[in-house]
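An overview of the molecular structure
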Amino acid sequence: MIVADQLQAQVDAGTGGVFVVDGVFNDGERDYPAGSFIHAPAGSSHVPQSATGCTLFLFYPEG
């Protein structure tokens, strides 16, 4: 289990995206419920977390 104070910001090297399949995902700034798609441009940063758990589908079109 990862505790919230152990999380660190991650920087995306390339373009990607996250589709929230189930639960609620938080990127360190706001909550995204199931059905949300978050675009992550290259160089963007976030602190991925979920208070209740979630299932994600990650897209990395550049490999």
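Just so you know, these numbers come straight off a predicted model, no measurement behind them. (Residues numbered from 1 in each chain as written. Predicted model: local features only at pLDDT ≥ 70, side-chain atom pairs only at ≥ 80, totals over all residues. Heavy atoms only, no water.)

A look at the nonpolar core
Membership of the largest hydrophobic core is limited to 5 residues, which are Val18, Val20, Phe25, Tyr32 and Ile38. The greatest single-element share of this core, amounting to 3 residues, is contributed by strand 2 (residues 16-26). Discounting chain neighbours no more than four positions away, the residues touching Ile38 are Gly16, Gly17, Val18, Val20, Phe25 and Tyr32. (Core = buried A, V, L, I, M, F, W, Y, C linked by side-chain atoms within 4.5 Å. Buried < 20%, exposed > 50% of the residue type's maximum accessible area, 1.4 Å probe, protein only. Helix = DSSP H or I, 4+ residues; strand = E, 2+ residues; numbered from the N terminus. Contact = heavy atoms within 4.5 Å.)

Quick notes on the pairing of strand 4 (residues 37-40)
Only one face of strand 4 is buried, namely the one carrying Ile38 and Ala40, since none of Phe37 and His39 on the opposite face is buried. For strand 2 and strand 4, the ladder comprises 4 bridges, and the chain directions are antiparallel. Considered in strand 4, the bridge of Gly16 is made with Ala40. (Pairing = 2+ DSSP bridges.)

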